[in-house]
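Read off the chains here:
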Amino acid sequence: MALLDSLEMLIIPSLLAIAIKIGIFVRYHQSLSRENLDLGLFFVAVFFLNVFEMLSIQTDYGAGSSMLILLAYYCCVVFTVHGFINIAMTYSQFDWQASRIRLGLNLLLAALIVGLIFGRGIIAGVEPMKSYTLTRVAGDHYWIFSSYLIGGVLLAGGLLIRGMLRADSNLARQKCLVVMLSAAAPSLTAVAVVVLMALGYQVNGAIYMSLTLSIMLGLLVFAEEKTRLFRLLTIMPYT
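What you see is a predicted model, and the numbers here were worked out from it, not measured in a lab.

About the cut-offs
Residues numbered from 1 in each chain as written. Predicted model: local features only at pLDDT ≥ 70, side-chain atom pairs only at ≥ 80, totals over all residues. Heavy atoms only, no water. Helix = DSSP H or I, 4+ residues; strand = E, 2+ residues; numbered from the N terminus. Buried < 20%, exposed > 50% of the residue type's maximum accessible area, 1.4 Å probe, protein only. Contact = heavy atoms within 4.5 Å. Areas by Shrake-Rupley, 256 points an atom, 1.4 Å probe, with all protein chains shown as cover. pLDDT = per-residue confidence, 0-100. Expected span 1.5 Å × (residues − 1).

Attention now goes to the overall build of the protein. Looking only at helices and strands, the protein features seven helices and two strands. Counting from the amino terminus, the protein carries its helices and strands in the arrangement α-α-α-α-β-β-α-α-α. With 239 residues in all, the protein has 44% of them scored as buried. Across the protein, contacts joining residues at least 24 apart in sequence account for 72% of those joining residues at least 6 apart. Working note: accessible area of the protein is about 12,600 Å², and carbon and sulfur atoms make up 69% of it.

Here we come to the confidence of the model for the protein. Chain-level pLDDT for the protein is 79 on average; 81% of the residues reach the 70-or-more range. The lowest-confidence element of the protein is helix 7 (residues 206-235), averaging 65 in pLDDT; the highest-confidence one is helix 4 (residues 98-118), averaging 91. Considering only residues more than four positions removed or in separate chains, one finds that residues 1-5, a stretch of pLDDT under 50, has two contacts. Low pLDDT (under 50) marks residues 229-239, which in the prediction has five contacts with non-local residues, meaning those over four places away or in another chain.

Given a rise of 1.5 Å per residue, 25 residues ought to cover 36 Å, and the 36 Å separating the end C-alpha atoms of helix 5 (residues 142-166) matches this to within 8%. If you check which residues of helix 5 are buried, you get Y142, F145, S146, Y148, L149, G152, V153, A156, G157, L159, L160 and G163. Where helix 5 is buried, its residues touch helix 3 (63-91), helix 4, strand 1 (123-129), strand 2 (133-138) and helix 6 (170-198).

Examined against the element boundaries, V195 turns out to sit in helix 6. Considering only alpha carbons, one finds V195 and S146, 49 residues apart in sequence, at a separation of 8.3 Å.

Turning our attention to the environment of Y208. Structurally, Y208 can be placed in helix 7. A C-alpha to C-alpha distance of 8.7 Å links Y208 and S14, two positions 194 residues apart in sequence. Excluding anything up to four places from it in sequence, Y208 contacts A185 and T189.

What follows is the structure, given as structure tokens:
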């Protein structure tokens, strides 16, 4: 009974986060699929991150299935960080060697995904944590994933701060501020979990991450819609 209660306490907020994302897509699908491709790709990564997180909230899978779910979850984490960096580059209007930097980030993304799926240097295995969720067994090169996550969050934060200070319009600076504020909770949680796990603590911030990422997505697409409305009004007479 206690185990069922623990599972319910984890599954309910995870389902809630998925429902919020579905609502966001239904309401703002045009912004996600047509107007802002970076935001759309970020949404897809976060959505599947939430799905595989929910699947990991039990431990009665076979060894192969558990490993597959965990690897899929970690791949979604990598895609989410990559999407966050792309959003930060776009919103901050960073244009110095932008095409080459994006190419380098894409190659790094591909290398990490290949390393996660086909090697065991980053994720050596999977094991249950507290009997009701899956967690990774760190490989010898797990530090690569940790460095990518922390470095990606810091890079995106630095780009957004640069945008707030140097963007060519007040509207662009405000968008960078919105992204910074909305990303603060999931970014700090991700960094804290990585640091605590590196110190040997068994922690899992996945449920909290899903909810905060849902709020972040809602704020971003809402700001995107308001931005387009503002631009439309500026070109219409007598508005």
